[in-house]
Every structure is written in C-alpha cells, then in structure tokens.
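Structural features, examined
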Amino acid sequence: MSRKPKLYYFNGRGKMESIRWLLAAAGVEFEEEFLETREQYEKLMQGGSLLFQQVPMVEIDGMKMVQTRAILSYIAAKYNLYGKDLKERALIDMYVGGTDDLMGFIMMFPFLSAEDKEKQRAVIVQKATSRYFPAYEKVLKDHGQDFLVGNNFSWADVHLLEAILMVEEKKSDVLSGFPQLQAFKARISSIPTIKKFLEPGSQRKPVPDDKYVETVRRVLRMYYDVKAN
Amino acid sequence: MSGKPRLTYLNGRGRMEPVRWLLAAAGVEFEEVFLQTKEQYDKLIKDGVLLFQQVPLVEIDGMKMVQTRAILSYIAGKYNLYGKDLKERALIDMYVEGISDLMQIILMLPFSPPDAKEKNLDSLKEKATNRYFPVFEKVLKQHGQDFLVGNKFSWADVQLIEAILAVEEKIPAVLSGFPQLQAFKTKMSNMPTIKKFLQPGSPRKPPPDDHYVETVLKVFKR
C-alpha cells in the first residue's frame, strides 16, 4: 500500500520548490500541509517529526525525510532520474550543485531590503550569465543531445529549467546570449509532466511576496535582518 | 589507466577537508596541488578545468569533479560507504547534510569580523549541543550499534567524527553531555585508516590560522 508523499512547508517556494518540481516531473502526485502559524511548527517539532527542527520535511515511503538535498536525491533515484551509473550520477550531482548555488542567490531575495534587492538582482544576473549559464550552454553544445546527462531526462534537466525560469523572472531576456539554453528551455517545458506543472492550477508556487516573507518570519522567528551575499 | 585522485585546493581545511577525510577513511591515497597565488587560480579558470570557476577540484577516474557534495557522494558510492540500498542512502544523506550545516558554521568562523567572533562561537555551541549532537546521540542509543547506519561503517560516520573533532577544537568540553558520542569518537578514532589519518604527517590539515585566511583572501580576490 503506497500513499502519496506529503510535503510540510510554507505555502510558497523556498527550499521546497525544487522538490515540488522533481515530483511533478516524475509524474508523482503529492499532498501538502502548509505552515501558517508558530503553533503548527512547534507541534511538528514536539512530535519529533523534524530531525533537525527544520523544514522542508517530506513523508515518503514510511520515512520523515528532512534536508532538501537528501530528499531530492531519494526521489531522483527512486524515479530513475539519477543516471544509469556512478559516473552519470557524478555529473548530475555536479550540475545540480551549480544550479543549487545559483538558486541560492535568489532564495534570500524576498527577505532583503528594497535597496539590497536591486544590488542582489544584479548579482543574480551576473552570476547566471558569467558563471552558470555558460557552463550548461557548453555542456549542451559539446554533446549536442537533448538532455544534460547520458542522453536521458534526469534531475539535472529539471533543476536547470527551474533555475532558468527563476532567473528570467528577475531579468526576462537573460537567455539572449545562450541559444542552446533557449532550445533546452523550450524542449524541457514541453515534456508532458513539466508542461502540466507549468500550467495554472498546478502545485507550482508563485514568486514569493510580502505575505510569504511575513509568514516565514512569524513561524520561524528568523530572517528579520537578512543581508545580501 | 587509473592514477591516484588529485586534489586542488588551498593548503588548509576549508571545503576540501571532508574529501581528505573520506578518501583517507576509505584507505585511498591521493595527491594534492596547493593554490598559493591568484595567478595559479586564474590559470586554472583560463584553462577551463573548473566547471563553475571554483575549487575544490578533484581529478578522479578521468573526471575533473567540482562541487564538494558531488565529489563526496562519488567517493562514498565508489568505496561502498553509502549504505546497501536507497533507504540507507537516504539516512546517510540526511545525517551528512545535517552535519554539513554544522560544519558550515565552523567554516565561516575564521572569516568573521572580530566583533562577531564571540557571537558566532556561541551559535556553534548552541547548534552543536541543542540541534545536532542530540540527534546522533539518540540514533546511536536507539539501535545500540557501533555505526550510524545499517550496522556498517559509512560516509555518515566519517562526517560525524570529523565534525566532533572540529567542534571540540573550539569547545573542548562539548561532548560532556553525550556519552554515546564519546564512545563513538573513541571507536572511530581507533579504526585503522582513521587512526592513521589522525597521526602527524598525514594529509589532515591543521585548524585555519591567520596565514590561511590571508591566502584565501589573496587567491580569490576579484
């Protein structure tokens, strides 16, 4: 008997969004419980559900998994999105590490002051266009295949598409110097499970707004004074 | 033809130290190239060997691997330190990620401005004793086994012993409330490959000092 995975997080992107993307890409339906109050969070902690007292937490296959990277690795492996052998895994891990670092610059964005936001926007675009996008552009150009690793759809492709769309939200023409990535974006977006996830009404969360920031601060009692990196 | 893995980093712990630990624990000999000047680093970038223009870099099995976690996962997988199935992997990943969060605090300590050093040390003590160590104390107590996962030595054990020793360097009595972790520390330290790594003359690097901080700032200056 197999139940749907259940995601515990705020009603917003944060660290859970990559997990939503990966489950959706794998065609796996999931449930969500949204943290809205401090009391809910304390109840989760007191119940011993949060190994390190943190969310994201995902109930899956009888486990209460925490740590975003651990959760993503498990899902990728379970649904055959992790390559065919150790070396393909290594490539996927490297590529995901890069997109993770890139999305890390965006993660804290909503919590910054208005002035810091403008500075950070520039940092995000600079890192994307001079460090990360060129790396993936070259990978795709060198092998000429549709997917990043092993000529097969993997976690790395899902993560890169997620990162591309997030950076585009900060600067809409950011892909203009990257023809391979433009084609990649179109291809991966049209994969049926991903296409569905990109449509209104899916579990994809919108760009974080002030209400999201306020909820996170209230529930976690943290992130009141976040500085740009 | 397979040579020894080659590590490129500064001559200090930083983000490469967990890789040194894991290779050593697996009994794998490795070579090291130390970055001492900005020119060396700029040349690496110019030569296109750093996928994201960053170190650590580990040349292993024909790959130029970057991204610490990717490197560690590959080594763990290759040398059978990653559990026997997907669920054991999941546990190892969870534990390793948690410990990594703790190690991140230590990583940043030498770079704290002087007026934040005290605060950051307090934060380290608080997180180690209230968030991370209790988890592993409980895991060991509940199953009563020598190793964290699956009754077998794994990457999680290596990461934990590294973290325990690193925290103890800053807070000597930190294990005083954790008898399971004290026993774990002794057992791990006596495993032959780890014992060897803990002896003088091994590739283990000393705690970061001012010279190390200076070198980091110089090499990565933009």
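Residues numbered from 1 in each chain as written. Chains lettered and ligands numbered in written order. Predicted model: local features only at pLDDT ≥ 70, side-chain atom pairs only at ≥ 80, totals over all residues. Heavy atoms only, no water.

To keep things clear, this is the line we draw: UniProt positions are given in the numbering used here, feature names are shortened, and annotations may be inferred rather than shown by experiment.
As recorded by an unreviewed UniProt entry, chain B carries the name glutathione transferase and is attributed to Xiphorhynchus elegans. If you open the UniProt record of chain B and go to Sequence similarities (unreviewed entry), you find "Belongs to the GST superfamily. Alpha family."

The name given to chain A in an unreviewed UniProt entry is glutathione transferase, with the source organism recorded as Xiphorhynchus elegans. The UniProt entry for chain A carries this comment under Sequence similarities (unreviewed entry): "Belongs to the GST superfamily. Alpha family."

Some words on the UniProt feature "domain: GST N-terminal" (unreviewed entry) in chain B
Convention followed: Per the convention used, a helix needs a DSSP run of H or I reaching at least four residues, while a strand needs a run of E reaching at least two, with both numbered from the N terminus.
Here, the residues flagged by UniProt with the feature "domain: GST N-terminal" (unreviewed entry) are residues 3–83 of chain B. Helix makes up 36% of residues 3–83 of chain B and strand 22%, and the two end C-alpha atoms of the span are 26 Å apart.

Concerning the domain arrangement of chain B
Residues and elements named next belong to chain B. Test applied: An automatic or database domain assignment provides the domain bounds reported here. In this description, contact between two residues means that some pair of their heavy atoms is separated by no more than 4.5 Å. The quantity reported as buried area is the accessible area (1.4 Å probe) lost by two parts once they are put together, taken as the sum for both. Counted as salt bridges are all cases of a side-chain nitrogen of Lys or Arg within 4 Å of a carboxyl oxygen of Asp or Glu. Throughout this description, a polar contact denotes any pair of N or O atoms lying within 3.5 Å of each other; where both atoms belong to protein, one of them has to be capable of donating a hydrogen while the other can accept it, and for residues adjacent in sequence the pair is counted only when both atoms sit in side chains. Throughout, the ten residues Ala, Val, Leu, Ile, Met, Phe, Trp, Tyr, Cys and Pro are labelled nonpolar, Asp, Glu, Lys and Arg are labelled charged, and all others, Gly among them, are labelled polar.
Partitioning chain B into domains gives domain 1 (6–79 + 198–220) and domain 2 (86–190). Taking only C-alpha atoms into account, the centre of domain 1 sits 22 Å from that of domain 2. Each side of the interface is counted separately: domain 1 has 19 residues, and domain 2 has 15 residues. Taking both sides of the interface into account, the surface hidden between domain 1 and domain 2 amounts to around 1500 Å²; carbon and sulfur atoms contribute 67%. The largest per-residue losses of area from domain 1 upon contact with domain 2 belong to Arg15, Trp21 and Arg69, which jointly make up 30% of the total buried on that side. If you look at where domain 1 meets domain 2, you find three salt bridges. Here Glu97 ties to Arg69 by a salt bridge, and the two come within 2.3 Å at their closest N and O atoms. Our count for the contact surface shared by domain 1 and domain 2 stands at three residue pairs in polar contact (both at pLDDT 80 or more). Mapped by element, the contributors of at least two residues to the side of domain 1 that touches domain 2 are α1 (17–25), α3 (68–78) and α9 (210–219). Broken down by class, the residue content of the side of domain 1 that touches domain 2 amounts to 12 nonpolar, two polar and five charged.

Observations concerning the layout of surface pockets
Test applied: Note on definitions: the grid is 1 Å and covers protein atoms alone; a cavity is a set of points where a 1.4 Å probe fits but cannot get out; a pocket is an open set with protein on both sides within 12 Å along at least five of seven lines; lining residues have an atom within 4 Å of a point. Grid points are joined across faces, edges and corners, and a volume is the space filled by probe spheres set on the points.
Reported here for the second largest pocket is a volume of approximately 580 Å³. In terms of lining, the second largest pocket is formed by 20 residues, of which the most central are Gly48, Leu51 and Lys64 of chain A together with Tyr95 and Lys138 of chain B. Classifying every residue of the lining of the second largest pocket gives 10 nonpolar, six polar and four charged.

So, the packing of helix α4 (residues 86–107) of chain A against helix α6 (residues 155–170) of chain A
Residues and elements named next belong to chain A. Selection rule: Axes here refer to lines fitted to C-alpha atoms; in helices the fit is confined to the stretch in contact. Angles between the N-to-C directions go from 0 to 180 degrees. By the definition adopted for this analysis, an angle is roughly parallel if under 35 degrees, roughly antiparallel if over 145, roughly perpendicular if from 65 to 115, and oblique otherwise. Left-handed is the label given to a crossing in which the near helix is rotated counterclockwise from the far helix by less than a right angle, and right-handed is the label when the rotation is clockwise.
Axis separation between α4 and α6 bottoms out at 9 Å; the angle between their running directions is 20°. Relative to α6, the element α4 is oriented roughly parallel. The element α4 and its partner α6 pack so that their crossing is left-handed. The segment α4 lies against α6, with Ile92, Asp93, Tyr95, Val96, Thr99, Asp100, Leu102, Met103 and Ile106 engaging Trp155, Ala156, His159, Leu160, Glu162, Ala163, Met166, Val167 and Lys170. Its residues assigned to classes, the contact of α4 with α6 comprises 12 nonpolar, two polar and four charged.

Some thoughts on the environment of Lys195 of chain B
Residues and elements named next belong to chain B. What counts, and what does not: Relative accessibility decides the category of a residue: with a 1.4 Å probe and only protein chains considered, values under 20% of the type maximum give buried, values over 50% give exposed, and everything between is partly exposed.
The residue Lys195 is located in helix α8 (residues 192–197) in this model. Overall, Lys195 belongs to the partly exposed group, its relative accessible area being 42%. If we ignore the near neighbours within four places in the chain, the residues touching Lys195 are Ser189 and Asn190.

Quick notes on the side chain of Glu168 of chain B
Residues and elements named next belong to chain B. Relative to the helices and strands, Glu168 resides in helix α6 (residues 155–170). Owing to a relative accessible area of 16%, Glu168 belongs among the buried residues under this scheme. A polar contact of 2.9 Å, which involves the side chain of Glu168, links it to the side chain of Lys185. In contact with Glu168, other than residues within four places in its own chain, are Val174, Leu175 and Lys185.

Overview of the sheet that holds strand β2 (residues 31–34) of chain A
What links the strands of a sheet is backbone hydrogen bonding, and the strands pair in either a parallel or an antiparallel sense. Residues and elements named next belong to chain A. Note the threshold: Should DSSP find at least two bridges between two strands, the strands are regarded as paired.
One open sheet holds the four strands; their spatial order is β2-β1-β3-β4, and the pairing between them is mixed. Each having just a single partner strand, β2 and β4 (63–66) make up the two edges of the open sheet. On average, adjacent strands in this sheet sit at an angle of 20° to one another, irrespective of strand direction. Inspection of the sheet shows strand β1 (residues 6–9) paired to β2 by four bridges, in the parallel sense. Note that in β2 the partner of Lys6 across the bridge is Glu31. The strands that helix α3 (residues 68–78) touches are β3 (57–60) and β4; relative to β4, the one it contacts most, it runs at about 125°.

A short note on the domain arrangement of chain A
Residues and elements named next belong to chain A. One can read the domain layout of chain A as domain 1 (6–79 + 198–220) and domain 2 (86–190). Taken over C-alpha atoms, the centre of domain 1 sits 22 Å from the centre of domain 2. Taken together, the contact pairs 20 residues of domain 1 with 17 residues of domain 2. Note on domain 1 versus domain 2: buried area summed over both sides is about 1600 Å², and carbon and sulfur give 66% of it. Seen at the junction of domain 1 and domain 2, the total is three salt bridges. A salt bridge links Arg69 to Asp100; the nearest nitrogen and oxygen atoms lie 3.2 Å apart.

So, the packing of α1 of chain B against α3 of chain B
All names here are of chain B. Packing of α1 against α3 leaves a shortest axis separation of 10 Å and a crossing angle of 5°. The angle between α1 and α3 places the two elements in the roughly parallel class. Each of Pro18, Val19, Leu22 and Leu23 in α1 lies in contact with α3, whose residues at this interface are Thr68, Ile71, Leu72, Ile75 and Ala76. Residue composition of the contact of α1 with α3, by class: eight nonpolar, one polar and no charged.

Here we look at the sheet that holds strand β4 (residues 63–66) of chain B
Residue and element names in this part refer to chain B. Judged by pairing direction, the sheet is mixed, and its four strands sit side by side in the order β2-β1-β3-β4 without closing on themselves. This sheet does not close on itself; its edge strands, each paired only once, are β2 (31–35) and β4. Neighbour-to-neighbour, the strand axes of the sheet open up by a mean angle of 20°, direction not taken into account. Bridge count between strand β3 (residues 57–60) and β4: four bridges; the pairing is antiparallel. Its bridge partner being in β4, Ile60 is matched across the sheet by Met63. Contacts from α3 reach β3 and β4 within the one sheet, and its direction differs from that of β4 by about 125°.

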